[in-house]
Amino acid sequence: MAGIQDLKHKVEHWKHAMQQAEQSIKERQKFLKAELERVDKERFQLGEERAGIEAERKHIAREQASLDQEQRQLDELRSDLERGGRKGGCCCAPRTERLIEQNIAFASVDAVPGVFVLGGGTMHVNGQYRKVMEAKGQYMGFKKEIDGMSLYWQNGAKMGTPNGWFIADSFKGPPMYWVEHDDPTTIPFDNWKVFDDPEVGHPGNQPAPSIEVAD
């Protein structure tokens, strides 16, 4: 009898040890799964950040090229003015008109798969936004996959503002930035502003961002 009891005791001990080992394996598997999810999320975030940094670098390079071109135009204009002054006349009116003309650049919403928001004072608004479509295939706006930030057009009557494009924490949420624009089929790159009405919005920090087309 003593031998049988010892055997039963050993079997119970082994069962308990196996249960503990199985529980330990499950906990380790759960931990490893969480770690893999965290690593994948961080890898995705790094990819988004790299894409945003590269887009901002290109944006800065284009801005510098534009400034260099304007400087050359100013130098040419100055030379024309000096020559015109010496000759008693001025022949540079067309160039002057071209220099002071302000053109607002924008893109067709149908033609772009996404956009980059760059340079916003509230840092988490910056990044890549992808176009979002409804189930029926109708366009809704642009959304940042990593945190749900949204960029959308809205009739401004509900907020006591002109029609325009808005950036918010969620689709049609309290705006942080906006730009006045009547046409929902095109999106402006520049002239964005802080949405400064805290009663209906969530004002972002200065400076306001600009927009660029994402590939």
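Residue indices begin from 1 for each chain and proceed along its sequence in written order. Only residues with pLDDT of at least 70 get local features here, since the model is predicted, and only at 80 or more are side-chain atom pairs given and counted; chain-wide, interface and lining totals rely on the full set of residues. Values reported for side chains reflect all heavy atoms of the structure, with hydrogen atoms and water molecules removed beforehand.

## Thoughts on the pattern of salt bridges
Put simply, the rule is: The salt bridge criterion pairs a side-chain nitrogen of Lys or Arg with a carboxyl oxygen of Asp or Glu, the two atoms within 4 Å. Here a strand is any run of E in DSSP of at least two residues, a helix any run of H or I of at least four, and the numbering for each starts at the N terminus. We call a residue buried when its accessible area falls under 20% of the maximum for its residue type, exposed when it is over 50%, and partly exposed in between, using a 1.4 Å probe and counting protein chains only.
Counting across every chain of the model gives 2 salt bridges. Notably, a salt bridge pairs Glu35 with Arg38, separated by 2.9 Å at the nearest N-O pair. A residue pair is termed a helical-turn pair when its members lie 3 or 4 positions apart in one helix, as Glu35 and Arg38 do in helix H1 (residues 2-87) at 3 residues. The salt bridge involving Asp147 is made with Lys144; its shortest N-O contact spans 2.9 Å. By relative accessible area, Asp147 is classed as partly exposed at 37%. On the basis of relative accessibility, which here comes to 4%, the residue Lys144 falls in the buried class.

## Section: the packing of aromatic side chains
The description of two aromatic rings rests on the distance between their centres and on the angle between their planes. Note the threshold: What counts as a ring pair is set by centres within 6.5 Å for rings of Phe, Tyr and Trp (its six-membered ring), and what kind of pair is set by the plane angle: stacked under 30 degrees, edge-to-face over 60, tilted for all other angles.
For the coordinates displayed, the defined rule picks out 6 aromatic pairs. Ring centres of Phe142 and Trp165 lie 6.3 Å apart, and the angle between their planes is 45 degrees; this geometry places the pair in the tilted category. With Phe142 in strand S4 (residues 139-143) and Trp165 in strand S6 (residues 164-168), this residue pair connects regions lying 23 residues apart in the sequence. A centroid spacing of 5.6 Å and a plane angle of 70 degrees characterise the contact between Tyr152 and Phe171, whose relative ring orientation is edge-to-face.

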